[in-house]
Every structure is written in C-alpha cells, then in structure tokens.
Amino acid sequence: MATKIQVVDLNLYYGEFHALNNVNVEVPLRQITAIIGPSGCGKSTFLRVLNRMNDLIPNVRTDGKVLIDEQNLFDMDVVELRKRVGMVFQRPNPFPKTIYDNVAFGPRAHGLRDPKIISEIVERSLRDAALWDEVKDDLNKSGLELSGGQQQRLCIARALAVEPEVILMDEPASALDPIATLRIEELMQSLKENYTIVIVTHNMQQAARASDYTAFFNMGDDRAGNLVEFGLTKDIFTHPKQKQTEDYITGRFG
Amino acid sequence: MGREIFDKKLAELNQNLRSLETMVGKMMVDSVGYLLKRNLEASHRIYNNDLFVNQMHVQIEENCIILIATQQPIAADLRYLSSMIDVNNQLERIGDYAKGIARINNLIGNEQLLPPFQYLPRMADLTVSMLHRSVTAFLENDMETSKAIPPDDDLVDDMFNQVFQEIFPLVQQDPQAFKCANYLLWVAHNLERTADRVTNICERTIYNLTGQLHVFDLDDELSEQHWKKIVALPPQTEETFK
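Let us look at the structure shown here. Because the structure is predicted, anything quoted here is derived from the model rather than measured.

All right, on to the overall build of chain B then. Summing up its helical and strand segments, chain B has nine helices and zero strands in all. Along chain B, from the amino end to the carboxyl end, the secondary structure elements read α-α-α-α-α-α-α-α-α. Scored against the burial criterion, the 242 residues of chain B give a buried share of 32%. Restricting the contact set of chain B to residue pairs at least 6 apart, pairs at least 24 apart contribute 83%.

Here you go:
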C-alpha cells in the first residue's frame, strides 16, 4: 500500500504540556484512516498537525517531520498546504452566503475569476459531495437554510472545490442523525477513490464500519497521547495486537 | 438508501458460499462416478479439491466474523450471518464425505463391486440436487422451498435401507464379500449423512426468516410418538415430584 503522509517522531507541546508523544505512522494513499481513542488522548490535536491548524494556537511547539509525498509540511507554504489538505469539522459551518458562493469561495480565494470554470467547479464539487440533486435548483439559497446533514455535505463540497489531495474530518457526523451519518459514511467510500481521508471519531462503530485502517491513540501515564496500534480495520477489530487496544474496543477500558 | 457497504460485502460472501456449494456438490457426484467406473486415478483429484474446500471454508468464516465485527449487524442481518457460519460448516463436512468416498474407491482397489452399488449414483444425484436447492433457498430467503426439501431426505433414507437389506443375503452367500459390503455401506452412509446436513441448511433458512430454530423430525417415528406422549402429560406439580 502506497503512503500519502509519513509522520516521523512527532512530538507536540502546548506550552509545557506534552500532548503528543513520539508518533510514527504512515497514512496510506487513497484509503480511509480512522483515528480512535478516549477523550483527551490527542486525536484532534494530531489531526490538526496534518494541515498545521495548530499554528493558530499560541504556545504550540512541534518536533519531528510530517511528509506529504516526501515534502515536509512544516517547510511548505501554509496556504498551499491547506489547499492540498482540506478539513471538515464537527459542527457544520457553512458561510453565511449562498450555496453557490460557499463552494465558489475557495477557488475565488485562490485567484480564479472565469465564471464558467467556477460554475463547473461548483457543480462538480456538489455532485462529488452527493448534494447536487438536492440543491441544483436552489443554488442561490443561503447555505444556512439547509438541514444539518446537507450543511455538512456542503462543507465537504467546499473542501473539494479546491481539489485537495487529503481530506481531514474531525468527527464529521457526531452532530448528525443516524441516517445523515450513514450518508456521510457512504460518501466517504466514493470519495476515497480520489482522496486520502483521515477521520477522527469517538464512535468506534463508525470507525469499524467506514474505515480501511485504524489508528488507536491512548493517554500515557504522563497524559501525553501515544499511538498504541495502527493496522487494517478488520484486523484491529477482530484480533488487535495490543492489550490496551483490545481493552478499549471491547469497552473494558477504565 | 440502504447499507450499501454492508450489502456489497454480503453479496461477495454469498457468492463465495455458492462457489463452495458448487464445488462440494461436484465432488460428491464425481466421487461416486469414479467409484462406479473404477477410476482410481481420478479419485485423487477429489483430495486436491478438498484442500481447496478447506481454504474456502476458513475464508468464509473469517469474512463472516469480520463483517460482524465491523458492520454491527443486528436482527435479520445478524441471524443471516450466524446461519452462514453454520451452513459453511455443513458444506465443509459434505466435502469431507465426498473425500471419504474417494478414499473408499482406493481402498476397494481391484475388487469387484457388489450389485447394490447401483443405487449409489441415484442417491448421489438426489442428494446433490437437494443440496443445490437448499443453498439456493438459503441465499434467496425462500421459506417454501426450504420446507419442501426435507421430505426428500426420506427418499434417500429409503435407498439407504434398500442397500442395507440387499447386502445381507450377499454376504451370507459369500463371506469374502464382507469387506466390499462394508465399504458400500460407508459410501451409502456418507450420502445419507449429506442429505441430513442439507436438512440442517433448510432449518437455518427458516431460522433466518422467523427467528425460530425448527427441528425437522421426519424420519424418527419413535421420537414423534415419544413427543406426543410428552405433550399429552399433565403439568408437573410439586406433588408429582414427591
């Protein structure tokens, strides 16, 4: 399996607090990798390293290397990085704009002006996000008028519009009802044909259902987050190698 | 909108089960065919087939477990997968019975077959037809077919009894025939056991659809009489136990 992102000896500190301890992992290309683990174990912190969202937090220090296609993202232009590595958040956050303008925002911010090309991008992105059929006659409607599940798919379309290579998802379905959740999971299956997906979820069943690979993070004695085990989802959920992993997924944890 | 991921993986499993059924059905027909044609060489093919059957059997069970672990099936989905594990086991045993027949072919060697061997191809054809229909019914959730197949087990039992009865005078006339008669009974026994296992497959289909594990008690008259007596008994009270 080819690697898209290689994380090497990653350590992260919030001031004096050691939040991520020596993480080494290879995120496979065009697969869905789920990150699971108890609250406070560093899952979201780790996810935010991958598009340097942690740069926005004061007093954060990072050691180690994170290579995307062998290019260290710490040496990259951060705007260029965030075009290549998009993110979808837990609570859908469409802009207070029309559906059309939500999706067109990214390409326009990157300098695109041709309205015909922008229209094509908007349609393609909404189709890839499985939202086009529901909104194609209402593109001038405000994004805020959509249902929760639709808003989340709009945010996915927005991320897709700048043609990323990686999509990060931070608990993308935890604010959604079960049916909307399953739709997002099924959308992820079609997206992975073209994108590498990394999803943080506190819902283990979702990780089991929807991902190809699973990374289990746990809090060490010093409260730093450790990557305990990484492997194929079907192996992790049928015969994990580490006892910590087995205890967590069988609910015997803590 | 359904569980597309789950349904897709389930469809693959169904196909694998079908392939396994086709394989063991063919092994059964072939093993009896080679026996009657005295083709000892070809019997070895059955041993190779059995290695492949064992591999498929393991793979199907592993995939059922993975599907249960990763897709959290409940209700009908869970019943179906638990039944698939059982049907998978039944098919593997049927493969073993076919291999047993191939082995007996080699054990008989150059000896001549006794006349009752003639019943075996008919038994094999009927049994394999039952097998194919039962797995089709399982995969298609067909209750009516699953209920209709077990009576054919009676026909297989009748043929077995026929073989059993015809052997005695032969052995009495010629005690040397005992060895071959014994082998003949083993083959007939393997076919009769195959038909029994097909009945189990039919039970699993009914379980999938109703949640009830229904036991077919068709060829055990004694059991049925005993059961009627039990049902007719007055309810037990503390007095009765004293």
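This brings us to helix H2 (residues 40–71) of chain B. Because an α-helix completes one turn every 3.6 residues, residues spaced three or four positions apart along the sequence face the same direction. Here H2 of chain B spans 47 Å end to end across 32 residues, near enough to the 46 Å set by a 1.5 Å rise per residue. Residues of H2 of chain B that are buried in the fold lie against helix H8 (204–210) and helix H9 (233–236) of chain A together with helix H1 (4–37) and helix H3 (75–108) of chain B. Just downstream of H2 of chain B, Gln72 of chain B is the residue with a positive phi angle, here 45 degrees.

Okay, the interface of chain A and chain B next. Interface size is commonly expressed as the accessible area that is lost once the parts come together. Listed as interface residues are nine residues of chain A and, on the opposing side, eight residues of chain B. For the side of chain A that touches chain B, the secondary-structure elements that each account for two or more residues are helix H7 (178–191), H8 and H9 of chain A. The biggest single contributor to the side of chain A that touches chain B is H8 of chain A, with three residues.

Now for H1 of chain B. Taking 1.5 Å per residue as the helical rise, H1 of chain B with its 34 residues ought to reach 50 Å, and the 49 Å between its terminal C-alpha atoms agrees with that figure. Once H1 of chain B ends, the next one or two residues include Arg38 of chain B, with phi positive near 60 degrees.

Attention shifts here to the pairing of strand E10 (residues 225–232) of chain A. Residues and elements named next belong to chain A. One ladder, built from seven bridges, connects strand E9 (residues 213–219) with E10; its direction is antiparallel. If you follow Tyr213 over to E10, its bridge partner there is Leu232. Hairpin connection, E9 to E10: the antiparallel pair is bridged by five residues, and Arg223 has positive phi, about 65 degrees.

All names here are of chain B. Orientation of helix H4 (residues 119–139) relative to helix H6 (residues 150–173), taken along the N-to-C sense of each, is 160 degrees, at an axis distance of 10 Å. With respect to each other, H4 and H6 are oriented roughly antiparallel. Seen from above, H4 lies across H6 with left-handed handedness. Listed contacts from H6 to Tyr119, Arg122, Met123, Leu126, Thr127 and Met130 of H4 are Asp152, Leu155, Val156, Met159, Gln162 and Val163. Of the residues assigned to the contact of H4 with H6, the class counts are eight nonpolar, two polar and two charged.

Criteria and cut-off values
- Residues numbered from 1 in each chain as written.
- Chains lettered and ligands numbered in written order.
- Predicted model: local features only at pLDDT ≥ 70, side-chain atom pairs only at ≥ 80, totals over all residues.
- Helix = DSSP H or I, 4+ residues; strand = E, 2+ residues; numbered from the N terminus.
- Buried ≥ 20, exposed ≤ 12 C-beta atoms within 10 Å, placed from the backbone.
- Contact = placed C-beta atoms within 7 Å.
- Expected span 1.5 Å × (residues − 1).
- Pairing = 2+ DSSP bridges.
- Axes fitted to C-alpha atoms, helices over the stretch in contact; angles between N-to-C directions.
- Parallel < 35°, antiparallel > 145°, perpendicular 65-115°, else oblique.
- Left-handed = near helix turned anticlockwise from the far one by under 90°.
- Nonpolar A, V, L, I, M, F, W, Y, C, P; charged D, E, K, R; others polar.

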